[in-house]
Amino acid sequence: MVSSKANLSGVQPKGTDRIQFDFRVAGVRYRPTIYRTPTEANLRRAYQQLREIKARIKSGTFNFDEEFPDYRYKADAPDQREAETKTCSEVFKNFLSHCEMRVAMDDLAFSTLDGYRDILDGVWSPKIGATPFEKVVYSELARIAAAHTRKKKTYNNVVSAVRTAFKFGYKDLPGKFNPALALTTFRITKKDRPPVDPFTISDAETIISASVGMHGEWYGNYEEFRFFTGLRQSEQFALEVNDCDLIKGTISITKAVVLSRKKNRTKTNQDREIGLCPRALEVLRAQLALRERMVAAGKIHHNHVFFSEGGEPLLTVYLPYNRWREVMETLTVRYRKPYNARHTFISWRLMKGDNPLLVAQEDGHSVETMLRTYAAWIKGAQPEDIERIKKAMDGRPSTRGNCPRFGCPRPPTVPSNGHQMATSGANRGTSVVEQPHQ
């Protein structure tokens, strides 16, 4: 028996073995039935089904054949299967348009949109683009995703993109089962991540000297600043003059540049202020002095601190990455990817005993993640290593730029028409002004 308090408008018992629905489509009333014992529990389930039916009627996706295949008046009902004709490609297109709107409203990172587009266009559209969206089944999605299991992260990205797109598409199909929800991602364990492999002080000094010797002060400063601040490349690209406080000896990290696009937030969505060690502050002063000379020569019309040889802001990783490879190929230092410069600085700080909480705050990690990632280097610190680290962070060495492979340092020049400008004491081995204490 149904409780007298139940408010299940639109469904009611029809005899002892059926439940009747009552709804309208295009203003016409229909009352189909299904064979189900009209218990209170079944009537409540039917009421939930009716709510989903009304939502599909509203969105134009209701179909009598699916809901009530035996209903005798279904042929008289208007065709509402507009959504059935939508292909996966059409849904993907609508989804990407929605993502573009979110990017414009600063609710989604451009790099996320770019990743979705690459994966949907490159992986999913060639396989299921022409398939009606509602006809795609889980096994088909799983089979396509399984072709991208060489790396867990790649597989997870492939699955995440289609899962998000299908979630968007199924918002037009309330009550329908979304097969993409059954796709699972792999758990990324410590063994799956590349090991932290920091450089020694000697390695770093060799790389920095070779960088300025091969490509000039602009690139040497870029690498030296990265080694002694631990900035992510996207954060270093976005660093502007007004982010630098030479009096306090700090920089503010509040934004990033990814794929040539400026983001008003960092990777972790956390703004932070970094106190510069004397070495980093010295490099910053030298870079700003170089920048002033480039501005005076008419080569710079932006606020970025770091730039290319011609004065253009650094907006993608290609130029610094290629320069890094060129430098490393000339050295006996074991090759590592550029991101290890960030790992290096964080490891150095922990090895010399800096407060882990402060290091985590300034470098954009959680304390737990930082200690887990760099624990081996804290334990393995030797007294002589710690002394070398402290000395390197206290200022540039007097032999700055004297890499045996590239000879003595040259006064920096503005790369324009071969015209050399006054260096104002900003040679690679000296700071622009007297270095203040931190």
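Our subject in this report is the structure included herewith. Being a predicted model, the structure only gives us computed values, none of them experimental.

Some details on the overall build of the chain
Consideration 1: In terms of regular secondary structure, the chain is built from 15 helices and 10 strands.
Consideration 2: Classification of the 438 residues of the chain by burial places 45% in the buried group.
Consideration 3: For the chain, restricting intrachain contacts to residue pairs at least 6 apart in sequence, the fraction spanning at least 24 positions comes to 62%.
Consideration 4: Here the chain displays about 23,200 Å² of accessible surface, and carbon together with sulfur accounts for 50% of that area.

Describing the pattern of salt bridges
Consideration 1: Scanning all chains against the criterion turns up 26 salt bridges.
Consideration 2: Between Glu326 and Arg323 there is a salt bridge; the shortest N-O distance is 3.4 Å. Here Glu326 pairs with Arg323, and both are found in helix α11 (residues 318-329), just 3 residues apart, close to one helical turn.
Consideration 3: Three or more residues are tied together by salt bridges with common partners; here these are Arg349, Lys352, Asp354, Glu362 and Asp363.

Some points on the sheet that holds strand β2 (residues 18-21)
Picture the strands of a sheet paired through backbone hydrogen bonds; they go either parallel or antiparallel.
Consideration 1: Strand order in the open sheet formed by 3 strands is β1-β2-β5, and the pairing between neighbours is antiparallel. Each having just a single partner strand, β1 (11-14) and β5 (33-35) make up the two edges of the open sheet. Going across the sheet, the axis of each strand differs from the next one's by a mean of 30°, ignoring polarity.
Consideration 2: By the bridge criterion, 4 bridges tie β1 to β2 in an arrangement that is antiparallel. What sits directly across from Pro13, in β2, is Ile19.

Side note on the nonpolar core
Soluble globular proteins tend to pack their nonpolar side chains together in the buried interior.
Consideration 1: In this structure, Phe225, Phe227, Phe228, Ile251 and Trp348 are the most contacted members of the largest nonpolar core, which totals 49 residues.
Consideration 2: Elements supplying a minimum of two residues to this core: α7 (201-215), α8 (217-227), α9 (233-238), β7 (250-253), α10 (278-296), α11, α12 (340-351) and α15 (383-393).
Consideration 3: Among the elements that take part in this core, α10 stands out by supplying 7 residues, more than any other.
Consideration 4: In this structure, Phe92, Leu120, Phe166 and Ala180 belong to the second largest nonpolar core, which totals 32 residues.

Describing the environment of Phe62
Consideration 1: Mapping Phe62 onto the fold places it in the loop between α1 (40-59) and α2 (64-67).
Consideration 2: On the basis of relative accessible area, Phe62 is assigned to the buried category, the value being 2%.
Consideration 3: Taking the C-alpha atoms as reference points, Phe62 and Val25, separated by 37 residues in sequence, lie 9.1 Å from one another.

Observations regarding the packing of α7 against α8
Packed helix pairs are specified by the crossing angle of their axes together with the interaxial distance, meaning the distance between the axes.
Consideration 1: With their axes 6 Å apart at the nearest point, α7 and α8 run at an angle of 160° to one another. Judged by the angle between their axes, α7 and α8 are roughly antiparallel. Where α7 crosses over α8, the handedness of that crossing is right-handed. Contacts between α7 and α8 pair Ala204, Ile207, Ile208, Ser211, Val212 and His215 from the former with Glu217, Trp218, Tyr219, Gly220, Glu223, Glu224 and Phe227 from the latter.
Consideration 2: Taken together, the residues of the contact of α7 with α8 break down into 7 nonpolar, 3 polar and 3 charged.

Some words on the side chain of Arg291
Consideration 1: Structurally, Arg291 is set in helix α10.
Consideration 2: For the buried residue Arg291, which engages in no salt bridge, the nearest side chain bearing the opposite charge is Glu292, 7.3 Å off.
Consideration 3: With near-sequence residues (within four places) excluded, Arg291 lies in contact with Val241, Ile300, His302, Asn303, His304, Val305 and Phe307.

Let's talk about the side chain of Gln236
Consideration 1: Tracing the chain through its elements places Gln236 in helix α9.
Consideration 2: Not counting residues within four places of it along the chain, the set of residues in contact with Gln236 comprises Tyr222, Phe225, Arg226, Leu231 and Phe306.

Considerations on unusual backbone geometry
Consideration 1: Phi is positive for Asp106, which is not a glycine, with a value near 60°.
Consideration 2: Looking at the element boundaries, Asp106 is found in the loop between α3 (88-104) and α4 (110-128).
Consideration 3: A relative accessible area of 40% places Asp106 in the partly exposed class.

Examining the sheet that holds strand β10 (residues 272-275)
Consideration 1: Across the sheet, which stays open at both edges, the 3 strands sit in the order β6-β7-β10 with antiparallel pairing between neighbours. Two strands lie at the open edges of the sheet, namely β6 (244-245) and β10, each paired on one side alone.
Consideration 2: In this sheet, β10 lies alongside β7 in antiparallel orientation, the contact comprising 4 bridges. By the bridge assignment, Ile253 is partnered in β10 with Arg272.

Observations regarding the layout of surface pockets
Consideration 1: A volume near 2,500 Å³ is recorded for the largest pocket.
Consideration 2: Along the walls of the largest pocket sit 50 residues, with Lys153, Pro194, Lys267, Tyr339 and His343 positioned nearest its centre.
Consideration 3: Among the secondary structure elements, those contributing two or more residues to the lining of the largest pocket are α4, α6 (152-169), α9, β8 (256-258), α11, α12 and α14 (367-379).
Consideration 4: Counting residues per element, the lining of the largest pocket draws most heavily on α14, at 6 residues.
Consideration 5: Grouping the constituent residues of the lining of the largest pocket by class yields 19 nonpolar, 16 polar and 15 charged.

With respect to the packing of aromatic side chains
For any pair of aromatic rings, the description rests on two quantities: the centre-to-centre distance and the angle between the ring planes.
Consideration 1: For the coordinates displayed, the defined rule picks out 26 aromatic pairs.
Consideration 2: Through a chain of ring-to-ring contacts, the aromatic side chains of Phe21, Phe23, Tyr30, Phe62, Phe64, Phe68 and Tyr71 assemble into a single cluster.
Consideration 3: Taking the ring centre of Phe110 as reference, the NZ or CZ of Arg261 above it sits at 3.8 Å.
Consideration 4: Its guanidinium or amino end placed over the ring of Phe199, Arg336 lies 4.1 Å from that ring's centre, counting from NZ or CZ.

Description of the environment of Gly175
Consideration 1: Here Gly175 lies in the loop between α6 and α7.
Consideration 2: Along the chain, Gly175 and Arg56 lie 119 residues apart, while their C-alpha atoms are 8.4 Å from each other.
Consideration 3: Apart from residues no more than four positions distant in its own chain, Gly175 is found in contact with Glu52 and Arg56.

Conventions used here
- Residues numbered from 1 in each chain as written.
- Predicted model: local features only at pLDDT ≥ 70, side-chain atom pairs only at ≥ 80, totals over all residues.
- Heavy atoms only, no water.
- Helix = DSSP H or I, 4+ residues; strand = E, 2+ residues; numbered from the N terminus.
- Buried < 20%, exposed > 50% of the residue type's maximum accessible area, 1.4 Å probe, protein only.
- Contact = heavy atoms within 4.5 Å.
- Areas by Shrake-Rupley, 256 points an atom, 1.4 Å probe, with all protein chains shown as cover.
- Salt bridge = Lys/Arg side-chain N within 4 Å of Asp/Glu carboxyl O.
- Pairing = 2+ DSSP bridges.
- Axes fitted to C-alpha atoms, helices over the stretch in contact; angles between N-to-C directions.
- Core = buried A, V, L, I, M, F, W, Y, C linked by side-chain atoms within 4.5 Å.
- Parallel < 35°, antiparallel > 145°, perpendicular 65-115°, else oblique.
- Left-handed = near helix turned anticlockwise from the far one by under 90°.
- Nonpolar A, V, L, I, M, F, W, Y, C, P; charged D, E, K, R; others polar.
- Lys, Arg positive; Asp, Glu negative; His and termini not counted.
- 1 Å grid on protein atoms, 1.4 Å probe; cavity = no way out; pocket = protein on both sides within 12 Å on 5 of 7 lines; lining within 4 Å.
- Points joined across faces, edges and corners; volume = space filled by probe spheres on them.
- Phe/Tyr/Trp six-rings, centres within 6.5 Å; stacked < 30°, edge-to-face > 60°.
- Lys NZ or Arg CZ within 6 Å of the ring centre and 35° of its normal.

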